[in-house]
Amino acid sequence: MNLELFIPELSLAAFAIAVVLLDLFIQRKGLLAVISLVGLVVAAGFTIAMWGGSPQAIFNNMLAVDSFALFFKLLFLGIAALVILASTDYVAKFARFQGEYYALVLLSALGMMLMAATTELIAIYIALELTSISLYILVGFLKDPKSTEASLKYLLLGAIASAVLLYGMALVFGVTGKTQLGEIAQVIQAMSLQATSANPALILGIVLLVAGFGFKIAAVPFHMWVPDVYEGAPTPITAFLSVGSKAAGFAIILRVFYSAFGLPEWLSLNWGLIFAVLAAVGMTLGNVAALPQTNIKRMLGYSSIAQAGYLMVGLATVGASPTADVLGRSGVLFFLASYAVANLGAFIAIIAISNKLDSDLIQDYSGMIKRAPWLAIALSLCLISLIGIPPAAGFMAKFYIFSGGVQNGLLWLVIIAVLNSVISAYYYLRVVKVMWLGEPASEEKVPSSGALRVALSLSCLGVLLLGIIPGYIMKMAEAAAKMLTF
Amino acid sequence: MSFPYLTIIIFLPVAGAILIALLKNSHPRLIRYLAAIFTFVPLALAVTLFCNFDKSLAAAGLIQFEEKLLWIAPLNAFYHLGVDGLSLPLVILTAFLGFMVVLISWKIDLRVREYFVWLLLLETSILGVFCSLDLLLFFIFWEIEVIPMYFLISIWGSGRKEYSAIKYVVYTLFGSALMLAGILSLYFTTGSLSMVELAQSELGAFTAVIPVAAIFFLLLAGFAVKLPVVPLHTWLPDAHTDAPTAGSVMLAGALIKMGGYGMIRVCVSIFPQVATNYAPLLVTLAVISVLYGAAITLRQTDLKRLIAYSSVSHMGFVLLGIFALGQVSLTGAALQMVSHGLITGLLFAMAGLTMHNVGERDLSKLGGLARQIPIIAVIFSIAGLGGLGLPTTSGFAAEFLIFVGSFSSTAVSGIQVYTILAVIGVVLAAGYILWMLQRAFYGPVLEQYNGAKDADTLERVYMFAFVALIMLVGIYPAILTDIIKLGISPITGLLGG
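So, how was this worked out
Residues numbered from 1 in each chain as written. Chains lettered and ligands numbered in written order. Predicted model: local features only at pLDDT ≥ 70, side-chain atom pairs only at ≥ 80, totals over all residues. Helix = DSSP H or I, 4+ residues; strand = E, 2+ residues; numbered from the N terminus. Rg over C-alpha atoms; globule rule 2.2 N^0.38 Å. Contact = placed C-beta atoms within 7 Å. Buried ≥ 20, exposed ≤ 12 C-beta atoms within 10 Å, placed from the backbone. Expected span 1.5 Å × (residues − 1). Axes fitted to C-alpha atoms, helices over the stretch in contact; angles between N-to-C directions. Parallel < 35°, antiparallel > 145°, perpendicular 65-115°, else oblique. Nonpolar A, V, L, I, M, F, W, Y, C, P; charged D, E, K, R; others polar. Pairing = 2+ DSSP bridges. Core = buried A, V, L, I, M, F, W, Y, C linked by C-beta atoms within 7 Å. pLDDT = per-residue confidence, 0-100.

Peer 1: So what exactly am I meant to see when it comes to the overall build of chain A here?
Peer 2: Looking only at helices and strands, chain A features 20 helices and two strands. Rg of the C-alpha trace for chain A: 21 Å, near the compact-globule value of 23 Å for 486 residues, within the 12% margin. Counting only C-alpha atoms and orienting by the principal axes, one finds that chain A spans roughly 75 × 55 × 40 Å. Once local pairs closer than 6 in sequence are excluded, the contacts in chain A between residues at least 24 apart make up 80%.

Encoded structure:
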């Protein structure tokens, strides 16, 4: 038993518990944020030290320690660090439970890290629940009616999604008799074509898995919770949900569908097609629904549904040719990284602005370029990245993920996707327009704290680096993607 | 590696933009001088390139001042810059206009800092398009241009500026979305993003992911929106009319040339066979653009809108020259792009100046201005005469080459008929330009414009620069055609003509 391979997770769990305990003794609650950040940095340090090693399995083949998992662990740790930096001002307003807030963010990140590593159905379910339950609480943290409603909605729909997921897992287990992904794959590949294709339980199981995971990544038609929850949740948590939770969902989908259902080819072609259709519907619906939004958090909620659609182009690519294709998988990984920096950056700017304005209405951003020039420039850059205009990261991500689609005969889907980007330009630019062209409501400057400025600068730096010199991260994503096996 | 001329030319304006953005002291005067310096140096360097360019016949098809670095390994994308006979004149044109628009914008006093930042970024992106030899790099520069132009139109424009700005963005993104799909298809058909390699390889040898003709049209869509080709032109009159003067000069002078350049560099060079097959269709569109554009120009009463529509017609000549696919016609098309950039740039500058000094741009309310603002009237007339193709102006040389080249081209059957139809466009041009000049500058003097100021020293300087270049190219076109030929001859070699 190689416990040292589990050190990043263990250290993060230890820090999460430490934060809760220290909350009892520490008067200056700001220290808790610092301790949480230290915990994330320590865990990231351990994770980086493992990069490049040969893939290993621990806990009786329940968890894999490979570059795929490590790539995602680094991504989640980075996301959680930015979220905590962005939370400090926000949380300082709470009278109580500040320690719990930071601890839950850490635990949720821990759950995501486990999700990226699990290779066994039961462990997947447990990791998923660890993430979700922490997030249910965090969404309701404000305790005002909107936040409570959001939390309840998220909890109820999340529970249903979990049930659907479990049902799907049960069916897959019933057909194959295994819970470990590699073993499931072996059983399915050993079955004759007729035995699999005539087996409705297997097909139904896979469809239910798509539905269960689809909830996590906000794929249409499992997206109903998104706008309400995004609007009601504390804004840093909305940011966390929109990038962390989504990335974890994609990590697990890639792992499950590629490892367990990658072969035989007719099977992957079929689930690839499901994802292709979900992608087309998701981005179109998300973009069209975002057009009339007046609340920026709701708008970004619909935009995240659309972005999930672009990401699913990568999943469809994987399904279209699981044996030949690395580009689809690495495309998803790279897209997630660049989406994470851009979306987090946008949310951090929104947090800073709404701290002052106490409003999330787009019209209140009027003339922001005069009141807070750097915030407005940073938010514009992040929105431009979300449209996919160079030199921002979003462009490279789209180029990369769509190139996989074109390579594998999904040009129709790519054309739908690029036309969707044009639609999306309209509502993203509307925010930019209001900030640059509108008259400011007052001359008063909008201040931002040091922590927010650091977080925002890091995100914007990420957006530019991934957009201008993406080669290094692309190589990492490729190395990670190659690690997935049947 | 030799001195990286092109990198410096392309990125100096950005450096200037960053400097201006970070400046503590935001005195407008300082910002103007900085902008002038950071656009003048690229112009000087571009002229140096022109002088050092190998103009011997042996250099035909050679890429000069090449820079090549591996940029994104997983995508096989290179930071690959270079100029040949086709792109060099356009680089010089852009650098020239980039410097001129700073002078033209000298009197801007609204949000001066931001204004010059966007103007400089715009110049970089256009220069980048003309210098890139890697399709991904090309596309990135192509896309970056959208953002500065959006802000220039929507903040410093006039009329329905926000509507025009977003219309411009949506049209451009729509075209470039299809272009992106085309680039990706081309990349996976051949495994290369290098424009040089692609032009030399035989596409038939690869198994294409989709029919080669479909890739051709996906790419063409992006260029056709930009050029523009009727019926994709409706963004142009709105954007040109509502943009600030400098924005109109850049749009009409340099930006829409990206469309024509892309058609020659990508569509014709990489897909010679498809271009030949579909030439009749595209030449038909060219004739429609020329005649429809001219007809609609005739009924404009707004000074800027009139000039804008005339661009649609004049770009139709470029399209005709390109898809007549002859050595002479392609040379004419490339020359027409430069010539139109100078002439229409000057026309928009003069229209802006008239508007600024007189305060009116509705032709039905203008008249007799030749008495009150004689210098502007004379220069406006010279530019107008260039626009209708009077000999000794560059407009004549370019259009003459296009018509002669098209008429004698053997690549498209029945091209003579198309050419004759297109020539009617010149007659119509004479109509709308002379009518415009007459309505604005001649006829009875109107008293309310008595106090109007004529051009001041700075304005006379840039007017003179424009006129000198228009005359130079008109009287001695070989100064450019000798270079352009070097870029065109390998392409016509591919066409087998």
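Peer 1: What is the right way to read the overall build of chain B from this model?
Peer 2: On a plain count of helices and strands, chain B comes out with 21 helices and two strands. Expressed as a percentage of its 497 residues, the buried residues of chain B come to 61%. Counting only contacts in chain B whose residues sit at least 6 apart along the sequence, the fraction spanning at least 24 positions is 81%.

Peer 1: Would you mind going over helix α18 (residues 394–408) of chain B with me for this structure?
Peer 2: For an α-helix the count is 3.6 residues per turn, leaving residues at separations of three or four pointing the same way. Helix length check: α18(B) (15 residues) gives 21 Å between terminal C-alpha atoms against 21 Å at 1.5 Å per residue, within 8%. The element α18(B) is largely enclosed, with a buried count of 11 among its 15 residues.

Peer 1: I'm lost on the packing of α18(B) against helix α20 (residues 457–475) of chain B in this one. Help?
Peer 2: Residue and element names in this part refer to chain B. With their axes 6 Å apart at the nearest point, α18 and α20 run at an angle of 40 degrees to one another. With respect to each other, α18 and α20 are oriented oblique. Of the residues in α20, those in contact with S394, F396 and A397 of α18 are I470, V473 and G474. Of the residues in the contact of α18 with α20, the class split is four nonpolar, two polar and no charged.

Peer 1: Which parts of the structure should I look at to understand the packing of helix α7 (residues 181–190) of chain A against helix α11 (residues 235–261) of chain A?
Peer 2: Think of two packed helices as two axes; the pair is described by the angle between the axes and how far apart they sit. Residues and elements named next belong to chain A. Two elements in contact, α7 and α11, have axes separated by 7 Å at closest approach and are oriented at 35 degrees. Two secondary-structure elements touch here, α7 through L181, G182, I184 and A185 and α11 through R255, V256, S259 and A260. Of the residues in the contact of α7 with α11, the class split is five nonpolar, two polar and one charged.

Peer 1: Just to check I follow, could you spell out the pairing of strand β2 (residues 77–83) of chain B for this structure?
Peer 2: Within a regular strand, side chains alternate between the sheet's two faces. Residue and element names in this part refer to chain B. Among the seven residues of β2, six are classified as buried, and the element is accordingly described as predominantly covered. The pairing of strand β1 (residues 64–72) with β2 spans six bridges and is classified as antiparallel. Looking at β2, one finds that Q64 is bridged to V83. Linking β1 to β2, which pair antiparallel, is a turn of four residues; within it N76 sits at a positive phi near 55 degrees.

Peer 1: How do you make sense of unusual backbone geometry when you look at a structure like this?
Peer 2: Leaving glycine aside, a negative phi is the common case for residues, and trans is the common case for peptide bonds. With an omega dihedral of 5 degrees, the bond running from A:V220 to A:P221 counts as a cis peptide bond. Residue B:L227 is joined to B:P228 through a cis peptide bond whose omega torsion reads -5 degrees. Backbone geometry places A:N61, a non-glycine residue, at a positive phi of 70 degrees. If you trace the backbone, A:N61 turns up in the loop between β1 (56–58) and β2 (63–65).

Peer 1: Hey, could you run me through the interface of chain B and chain A in this one?
Peer 2: The extent of an interface is frequently quoted as the accessible surface area lost upon association of the parts. On the chain A side, the residues contacting the 26 residues of chain B number 28 residues. Taken together, the elements giving at least two residues each to the side of chain B that touches chain A come down to α5 (135–144), α6 (146–156) and α7 (161–190) of chain B. Here the side of chain B that touches chain A takes 13 residues from α7(B), the largest share from any one element.

Peer 1: How do you make sense of the environment of B:G16 when you look at a structure like this?
Peer 2: Residue and element names in this part refer to chain B. By the element assignment, G16 lies in helix α1 (residues 5–22). Residue G16 is classed as buried on the basis of its 27 C-beta neighbours within 10 Å. For the pair G16 and Y150, spaced 134 residues apart in sequence, the C-alpha separation works out to 20 Å. The contacts of G16, once residues within four sequence positions are left out, are L34, A35, F38 and L120.

Peer 1: Looking at this structure, I do not really get the nonpolar core. What am I missing?
Peer 2: The nonpolar side chains of a soluble globular protein tend to be buried, and buried together. Residues A:L106 and B:L320 are the most contacted members of the largest nonpolar core, which totals 404 residues. Ranked by residues supplied to this core, first place goes to helix α14 (residues 327–357) of chain A with 19 residues. Setting aside chain neighbours within four positions, we find A:L106 in contact with A:L12, A:F15, A:A16, A:V19, A:S36, A:G39 and A:A80.

Peer 1: Is there a simple way to think about the confidence of the model for chain B in this case?
Peer 2: When pLDDT is low, close inspection of the predicted coordinates is not appropriate. Residue and element names in this part refer to chain B. Per-residue confidence for chain B averages 92 on the pLDDT scale, and 99% of its residues sit at or above 70. In the model of chain B, helix α8 (residues 195–200) stands out as the element of lowest mean pLDDT, 88, in contrast to helix α3 (residues 87–104), which has the highest, 96. Overall fold confidence (pTM) sits at 0.93, and the ipTM for the predicted complex is 0.90.

Peer 1: Would you mind going over the environment of B:L23 with me for this structure?
Peer 2: Residue and element names in this part refer to chain B. Within the element layout of this structure, L23 appears in the loop between α1 and α2 (28–52). Of the residues examined, L23 has 13 C-beta atoms within 10 Å and is grouped as partly exposed. The spacing of L23 and R113 is 90 residues in sequence and 9.1 Å in space, taken between C-alpha atoms.

Peer 1: Is there a simple way to explain the environment of A:P390 in this structure?
Peer 2: Within the secondary structure, A:P390 is located in the loop between α16 (373–387) and α17 (393–407). Given 25 C-beta atoms within 10 Å, A:P390 falls into the buried group. Taking the C-alpha atoms as reference points, A:P390 and A:G467, separated by 77 residues in sequence, lie 6.8 Å from one another. Aside from chain neighbours lying at most four places away, what touches A:P390 is A:F395, A:G467, B:I140, B:E143 and B:I144.

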